[in-house]
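Here's the letter readout for the chains.
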Amino acid sequence: MIDPAAVKAALKRQRIETPSWAYGNSGTRFKVFAQQGVPRTPHEKLEDAARVHAHTGIAPTVALHIPWDKVDDYAELAAHAKALGLTLGAINSNVFQDDDYMLGSVTNPDPAVRRKALGHLLECVDIMDATGSRDLKLWFSDGTNYPGQDDIRARQDRLAEALAAVYGRLGGNQHILLEYKLFEPAFYTMDVPDWGTAYAHCLKLGPKAKVVVDTGHHAPGTNIEFIVAILLREDKLGGFDFNSRFYADDDLMVGAADPFQLFRIMYEVVRAGGLDSEIVFMLDQCHNIEPKIPAIIRSVLNIQAATAKALLVDSGALSKAQQAGDVLGANAVLMDAYDTDVRPLLAELREEMNLRQDPLASYRESGWAGKIVNERVGGRQAGWDA
Ligand code: PSV
Ligand code: MN
């Protein structure tokens, strides 16, 4: 039997990190549709993030992206976050938006380009020192487009060298989170295309290096929860970049395309005790056509609902059925949890957290959307190039 009080207690402890870039303008390579009221500065992005936290109660940290969130004084930015009831989360490096990186960053055949890329990664660790961030999230767009273009193995050696240098610079409580991506922008080889490559590098580096699973970065049909289970078993799951995809790296709202997959992932997390661990549960999304703040609230709620269902799995009944070889029985235990309408439980939870039962309605009625449209006039709206 599942104790609803225990489920609610676990849900109260859950934390989801929102990405600063999701509050800014974004689009596809065809068009970026600017929206009114979009933040002009990292400070304004944090103000929007504070609204997400205020209405959900479980999103108190914000990931930054350098240079998109470059400021002169990071300690002051951290203080601004604190005044808003937030803390600054993972620092995302960016070695993919400079002309020098056309043939790669840390894996580029040119040592001068490699030095420049490494310099940026080390600068990100300096920023972590100032913000108090624990995690450095590394994603490399590096790869090749044509067979023979570069030496696959030499690129791995260059990558390992850069990662070792960054790892050596980490402070005692700082971590590397290494993200993989199957394809794009490189189309023949990515230098970190899959969890196995990321895992191999992290294993060599040591305990402070772990793998990030961005749910959009797999081939269609990949069993992501299996990857999650293996990484958890090896204590090498550093975090998630949650989003939904129908085709490739669509960066849509998590849980929108496949809520069942999200449940299966969260079940593996719950099963391994991962809710109460150092794993960071981040969103990595772009709200190109929908209003951004409510979309981020929706995403946080989708993860919360999937987690609630995962917590409702009757593990005793499940393992009994599994050990008896009762295939249908075991499947039914899992499906029972997934099919549970968790809305009443979540409504109760929110009441206990002094939140409104419907966070989206409470955001709508707060008037914030109108306020930022009226007040954020002029200046340059934030986006992927700012
Ligand atoms: C790359 O596609 C990625 O998933 C990485 O996490 C980046 O930091 C993020 O998107 C924003 O571009
Ligand atoms: Mn990502």
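Residues numbered from 1 in each chain as written. Chains lettered and ligands numbered in written order. Predicted model: local features only at pLDDT ≥ 70, side-chain atom pairs only at ≥ 80, totals over all residues. Heavy atoms only, no water.

### Regarding the site of ligand 1
Heads up, the condition is: Each residue is tested against the molecule or strand, and it is near if at least one of its non-hydrogen atoms lies within 4 Å. Here a polar contact is taken to be a pair of N or O atoms separated by no more than 3.5 Å, where protein atoms must pair a possible hydrogen donor with a possible acceptor and residues adjacent in sequence count only if both atoms sit in side chains. Note that Gly is not counted as nonpolar here; it falls among the polar residues with everything else outside the nonpolar set of Ala, Val, Leu, Ile, Met, Phe, Trp, Tyr, Cys and Pro and the charged set of Asp, Glu, Lys and Arg.
What surrounds ligand 1 is a group of 14 residues, the closest being Glu179, Asp214, His217, Asp241 and Asp284. Taking lysine 137, its side chain carries an N or O atom lying 3.4 Å from an oxygen atom of ligand 1. Looking at side-chain class alone, the shell around ligand 1 contains four nonpolar, three polar and seven charged residues.

### Comments concerning helix α11 (residues 327-339)
For clarity, the threshold we go by: We count a stretch as a helix when DSSP gives it H or I for four or more residues in a row; a strand needs E for two or more, and each element gets its number in order from the N terminus. How far a helix is expected to stretch is found by multiplying one less than its residue total by 1.5 Å. Burial classification: accessible surface area is computed with a 1.4 Å probe over protein chains only, and a residue below 20% of its type maximum counts as buried, one above 50% as exposed, and the rest as partly exposed. We call two residues in contact whenever any of their non-hydrogen atoms come within 4.5 Å of each other.
Here α11 is 13 residues long and its end C-alpha atoms lie 18 Å apart, about the 18 Å a rise of 1.5 Å per residue gives. Residues of α11 that are buried include every one of Gly329, Ala330, Val333, Leu334, Ala337 and Tyr338, and no others. Contacts from the buried residues of α11 go to α8 (259-271), α9 (292-311) and α10 (315-323).

### Notes on the side chain of serine 141
Within the element layout of this structure, serine 141 appears in the loop between β4 (135-138) and β5 (143-144). Judged by its relative accessible area of 11%, serine 141 falls in the buried class.

### Some words on the packing of aromatic side chains
Spelled out, the test is: Within 6.5 Å between ring centres, the rings of Phe, Tyr and Trp (the latter by its six-membered ring) count as paired, and their orientation is classed by plane angle as stacked under 30 degrees, edge-to-face over 60, tilted in between. Geometrically, a lysine NZ or arginine CZ counts as sitting over a ring once it is within 6 Å of the ring centre and also within 35 degrees of the ring normal.
In the structure shown here, the tally under the stated rule is 11 aromatic pairs. With 6.2 Å between their ring centres and 85° between their planes, tryptophan 68 and phenylalanine 96 make a pair best called edge-to-face. One end of the pair, tryptophan 68, is in the loop between β2 (61-65) and α3 (74-83); the other, phenylalanine 96, is in the loop between β3 (87-92) and α4 (111-131), and 28 residues separate them in sequence. Each ring, one from phenylalanine 240 and one from phenylalanine 281, has its centre 5.7 Å from the other, and the planes form 20°; the classification is stacked. On the criterion of sequence distance, the pair formed by phenylalanine 240 in strand β9 (residues 237-242) and phenylalanine 281 in strand β10 (residues 280-283) is long-range, its members being 41 residues apart. By relative accessible area, which is 5% here, phenylalanine 281 ends up buried. Chaining the aromatic ring pairs together yields one cluster made of Trp21, Trp68, Phe96, Trp139 and Trp384. A cation sits over an aromatic face here: lysine 116 above tyrosine 101, 5.8 Å from the ring centre. One residue, arginine 264, lies across the ring of phenylalanine 260, its end atom 4.7 Å from the ring centre.

### Notes on the coordination of the manganese ion (ligand 2)
Using the following cut-off: Only N, O and S atoms count as donors, using a 2.8 Å cut-off from the metal and 3.2 Å for Na, K and Ca, and because water is excluded some sites may appear unfinished. The geometry test gives tetrahedral to four donors whose angles all lie between 85 and 135 degrees, gives square planar to four donors and octahedral to six donors whose opposite members are over 155 degrees apart with all other angles between 65 and 115, and gives irregular to the rest.
Within the protein, the atoms that donate to the manganese ion (ligand 2) are Glu179 (OE), Asp214 (OD), Asp241 (OD) and Asp284 (OD), at distances of 2.1 to 2.2 Å. Each of the six donor atoms around the manganese ion (ligand 2) contributes to a set of angles spanning 72 to 162°, which defines the coordination as octahedral. Sequence spacing of the donors to the manganese ion (ligand 2): E-x34-D-x26-D-x42-D. With aspartate 214 in strand β8 (residues 209-214) and aspartate 241 in strand β9, this residue pair connects regions lying 27 residues apart in the sequence. In this structure aspartate 214 comes out as buried when scored by relative accessible area, which is 0%. On the accessibility criterion, aspartate 241 (0% relative accessible area) is buried.

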